[in-house]
Structure formats: structure tokens, C-alpha cells
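Letter by letter, the chains look like this.
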Amino acid sequence: LWCAPAGIAVAKSLDGRCDVTVVERKVTYHNNIAALRGVFDPAIRWQQFIGYKGVFGKSPKPSSRVVNAEVVRVEEKAVHLHNGETLSYDFLVIATGSQNPFPGKLDSLQSVPEGIKRYEDMSKLIEKASRIVIVGGGPVGVELAGEIRAFHPKTEVTIIHRGANLLSNQGGAPQLPQRFLNTVTTTLRNQGVTLLLGDSVQEAPEPQGYAEGERTITTSRSEEHTSEPSHRTISY
């Protein structure tokens, strides 16, 4: 069984009823609900990481365990790991979760200090920046803009979003009430965030995540915006 939130739930529901092996490549669970706040709040950074020790209850099956490894191949009745170990199974649950750019999620995690350092490094970059451009006004972009303004009120923040409203184009998800969208828009503008709605970036796409250093970004309306650093946040 691979381990994501759904995988954890399955493991807990089977606890004590059968032998369960959880395979997870990260050394600890990353609770990314408050990941963006973790960029700014040192206490939250540590609280994001939860050990797998509590996956099974007080009386698990003797052979139930969590294996820190990466799956390289799946066959009928067998799962092969990168360390050469082979696990046999009667039933296989694939719950790999989702992947999104840092700081929303971590693509890999070999130790908690490693994860903490990534958040600390990004925090230092934001602290030094005088202008930040966020490409994408989805939930992540909106939250990140709010966090930046809350902790660094003098930093200039611009959101470039191709939709007419913030929080639009959410992968087919139901449209949020217009009253709520208006409230979010008004709140950000009152916080001093510049919103370029119905606009998009006119340049070659870069890897998801964020890009350091000063640069000029040209939008479809031929407007130029300088960022330092430029945070490329993908909406999801």
C-alpha cells in the first residue's frame, strides 16, 4: 500500500484485521495544509511533519509495518522496491496522492531537517525581495499573496491570472459563489496586492515552482512587471 492521505486512512481501517505494509518514499508524512504558512512561521514548519509511528494502533498485527522505500515495479502479487526488496501481497492499494510545486508540497523528503531548510531558504528569499510576481490566482496563488502581505507588508505583490475572477479554472471543480470571489478580490486589493485579471504571461514556461532573481515579465496585454524574485505558483 502506497501512502498518501487516502493510503493512511486505508491502513488505519485495516489496522489489526490483516497484515498491512505501507510503502512510502518520504521519511515522514508531510501535512501540507498549512505549508504556505510554514514558509513564514517557524513553528508551523515543524508541525507539518508527522512521523508514521502512529499509523497503526496499539495492537497492530505483528507484521504490519511502514517501509521507507520507492516502488520501481509492480507485478501480479509482487511489488519491487528500489532497495532490492520484494513484497508479496493479496490486495494492493495504490494511493500515491498528488504532486504540486514547492512550497505547496515536497517532491522528496529524506529527513525533516532537509524539509525545514527548504522552507527556511524560501523564507529568506521572500524576506529580501522588494517585488514579487505570482503567476496564477488559484487557491495557492491567493493564499501565498495573503501570507506575503501579512508578514511583509512593504513587499510589492502582483498576481497575474488568466481568469476573469480569482480562484477560477479549478480543473473542472464547481464554480465558487460570485459573492465569495468578490470578497477575496476586495480583500487582496485592500491589502495592497495588484491584480492583473484576464491576463497571462507571454514567455516560455519555466519549471513549476519559483524562480529567483530579478526579471521582467511581459503579459498578453504587453504590460511589463519586474519581480525580485519571481514566484511561479501553479494554480491547483
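See above for the structure.
These lines cover the structure that appears in this document, whether it is placed above or below. From a predicted model like this one, the values you see are computed outputs, not experimental measurements. (Residues numbered from 1 in each chain as written. Predicted model: local features only at pLDDT ≥ 70, side-chain atom pairs only at ≥ 80, totals over all residues. Heavy atoms only, no water.)

Glancing now at the pattern of salt bridges. In this structure the tally under the stated criterion is five salt bridges. Taking the shortest distance from any N to any O, the salt bridge between Arg 37 and Glu 147 comes out at 2.7 Å. In this pair, Arg 37 is assigned in helix α2 (residues 35-38) and Glu 147 in helix α5 (residues 139-151), connecting sequence segments 110 residues apart. Taking the relative accessible area as the measure of exposure, Glu 147 reaches 7% and is therefore buried. (Salt bridge = Lys/Arg side-chain N within 4 Å of Asp/Glu carboxyl O. Helix = DSSP H or I, 4+ residues; strand = E, 2+ residues; numbered from the N terminus. Buried < 20%, exposed > 50% of the residue type's maximum accessible area, 1.4 Å probe, protein only.)

In this section: unusual backbone geometry. Of note, the bond from Phe 102 into Pro 103 is cis; its omega dihedral lies within 30 degrees of zero at 15°. Along the polypeptide, Pro 103 turns up in the loop between β7 (86-88) and α4 (112-128). Phi angles above zero are rare outside glycine, and Lys 77 is one such case at about 70°. Its place among the elements puts Lys 77 in the loop between β5 (71-75) and β6 (78-81). Positive phi, close to 65°, is recorded for Leu 167, a residue that is not glycine. Within the fold, Leu 167 resides in the loop between β9 (156-161) and α6 (178-190).

A few words now on the environment of Pro 42. Counting through the fold element by element, Pro 42 comes out in helix α3 (residues 42-47). A relative accessible area of 48% places Pro 42 in the partly exposed class. When the C-alpha atoms of Pro 42 and Glu 120 are compared, they prove to be 8.1 Å apart, with 78 residues separating the residues in sequence.

Attention now goes to the packing of aromatic side chains. By convention here, two paired aromatic rings are described through the distance between centres and the angle between planes. Per the counting criterion, the structure on display carries three aromatic pairs. Ring centres of Tyr 29 and Tyr 52 lie 6.5 Å apart, and the angle between their planes is 75°; this geometry places the pair in the edge-to-face category. Separated by 23 residues along the polypeptide, Tyr 29 in strand β2 (residues 29-30) and Tyr 52 in the loop between β3 (49-50) and β4 (65-68) bring together distant segments of the chain. The interplanar angle of 20° and the centroid separation of 5.2 Å between the aromatic rings of Phe 40 and Phe 151 together place this pair among those described as stacked. Taken together, the residues span a long stretch of sequence, with Phe 40 in the loop between α2 and α3 and Phe 151 in helix α5 at a distance of 111 residues. Judged by its relative accessible area of 36%, Phe 151 falls in the partly exposed class. It is Arg 118 that lies over the ring of Phe 102; its NZ or CZ is 4.3 Å from the centre. (Phe/Tyr/Trp six-rings, centres within 6.5 Å; stacked < 30°, edge-to-face > 60°. Lys NZ or Arg CZ within 6 Å of the ring centre and 35° of its normal.)

Of all hydrophobic cores here, the largest spans 30 residues; its most connected members are Ile 134, Ile 148, Ile 159, Leu 166 and Leu 188. Looking at this core, the elements that each hand over two or more residues are α2, α4, β8 (131-135), α5, β9, α6 and β10 (194-197). Counting eight residues, the second-largest nonpolar core is a separate cluster that includes Val 23, Val 67, Val 79 and Tyr 89. (Core = buried A, V, L, I, M, F, W, Y, C linked by side-chain atoms within 4.5 Å.)

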